[in-house]
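Chain by chain, the residues run as shown.
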Amino acid sequence: MNLLNPEVKYFDDDFRSQIEPTALGFLRQLNGLTIFDLKGKDTSRTRVITTLIHGNEPSGFIASHLWLRSKSVPLTNIRIVICNPEAARTKPIFTNRYLARSQDLNRVFSAAESDTSEVANRARQIKRVVSEVSPEAIIDMHNTSGVSPAFGVAVNDSEQVLDLVSLFTNKLILTGLSIGAIMEESFNAPIATIECGGSNDIYSHQVATDGLHEYFTRENIFDQHADRVQVHRHPIRVELVGDASVGFSHHSLPTTDITLRADIEQLNRQITPAGEFIGWCSPEQALPLKAIDEQGVDQIEQLLELKNGCLFAKQNMHMFMITTTLEIATNDCLFYATLEE
């Protein structure tokens with residue numbers, strides 16, 4: 001039995017009048033990889049967005065629904081790619097990053113052709129539908145796993161990429177980490193991931209809606225706004241080691257290997273100074289964390305230090321994608337960080 005529908009469904013402008021009035025109703029109309037092609041005033045160009053790669057990250061989907069329900073005509077042709085509605089529809093709705101017993105879709109875009117799993121096949125289908133329109137730009141829309149302001153992520157900081165990011169936010173994380181995400185793929189077009197902020201924050205949906213309006217309606221999206229974007233470089237990915245466990249609390253938990261402070265998501269909003277308290281870990285055990293840089297080197301000893309059972313930042317750093325969602329913190333990563341002067 002397939003967990004992911006192997007079919008790809010295409011719709012054009014004629015379907016817009018049939019779309020349910022609520023985002024939830026719209027989601028229930030979808031079953032599998034779904035493509036919406038909108039005809040623009042200038043039909044010689046196409047811009048692409050991908051959304052719902054993760055089923056618990058709805059801002060791009062909500063913004064796309066609002067646009068599809070409107071009578072607005074985009075400046076160029078638009079292809080909206082709704083990537084994983086099956087995960088989003090699984091109860092509790094909009095809470096599942098990916099399907100149970102499956103893999104994270106945004107970790108398999110680099111999968112070999114020999115990988116015949118359903119999720120690898122879906123990733124290949126997404127790459128095909130993006131490539132077949134030869135887009136002039138691609139935006140991949142997400143929400144952060146925890147409470148956070150919006151930011152962009154990209155693998156290069158060309159002026160075109162910075163211009164794309166500036167439509168949504170003034171911050172970019174420039175990464176050389178390879179995790180199998182769609183933004184790491186080559187489409188012969190600039191591509192940027194937009195993390196709109198936390199999935200339950202109404203402001204995140206507004207970031208997505210306002211940014212998509214600019215992306216869909218501007219004559220020139222590459223208009224020299226690159227200088228508006230602050231770039232943070234060389235992120236480090238902090239993960240649990242082996243089968244280590246983590247908890248979040250106002251005090252040290254005896255039931256986990258490491259306890260991070262309950263309000264740690266607030267550190268997504270600021271530069272974390274050296275000496276900032278992070279959490280607790282027994283001094284009698286090795287720190288159950290690793291911090292992998294772009295060269296694959298573990299930098300945990302340069303990033304964090306343990307004193308008398310308490311964990312502190314060792315350097316000034318910008319922490320982002322911090323989450324207290326145990327499933328993500330355990331199976332993906334705790335957070336990323338860039339070192340700051």
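Structure report, in brief. (Residues numbered from 1 in each chain as written. Predicted model: local features only at pLDDT ≥ 70, side-chain atom pairs only at ≥ 80, totals over all residues. Heavy atoms only, no water.)

**Looking at the sheet that holds strand 17 (residues 310-313)**
Sheet strands line up and pair through hydrogen bonds in the backbone, either parallel or antiparallel.
Phase 1: Within the open sheet, the 5 strands sit side by side as 11-12-14-17-16. Their pairing is mixed. Strands with a single pairing partner mark the edges of an open sheet, and in this sheet they are strand 11 (246-249) and strand 16 (304-307). Sheet twist, expressed as the average angle between the axes of neighbouring strands with direction ignored, equals 30°.
Phase 2: When strand 16 meets strand 17, the two strands line up antiparallel, connected through 4 bridges. Bridge pairing in strand 17 links Leu306 to Leu311. (Pairing = 2+ DSSP bridges. Helix = DSSP H or I, 4+ residues; strand = E, 2+ residues; numbered from the N terminus. Axes fitted to C-alpha atoms, helices over the stretch in contact; angles between N-to-C directions.)

**Points about empty space enclosed by the protein**
Phase 1: As enumerated under the stated definition, the model contains 2 cavities of 30 Å³ or more in all.
Phase 2: In this structure, the largest cavity occupies an estimated 320 Å³ of space.
Phase 3: Arg107, Ile179, Glu195, Met321 and Tyr336 are the residues nearest the centre of the largest cavity, which is lined by 26 residues in total.
Phase 4: Looking at the lining of the largest cavity, the elements that each hand over two or more residues are strand 5 (137-144), strand 6 (151-154) and strand 8 (191-198).
Phase 5: Ranked by residues supplied to the lining of the largest cavity, first place goes to strand 5 with 3 residues.
Phase 6: Counted by class, the lining of the largest cavity contains 12 nonpolar, 8 polar and 6 charged residues. (1 Å grid on protein atoms, 1.4 Å probe; cavity = no way out; pocket = protein on both sides within 12 Å on 5 of 7 lines; lining within 4 Å. Points joined across faces, edges and corners; volume = space filled by probe spheres on them. Nonpolar A, V, L, I, M, F, W, Y, C, P; charged D, E, K, R; others polar.)

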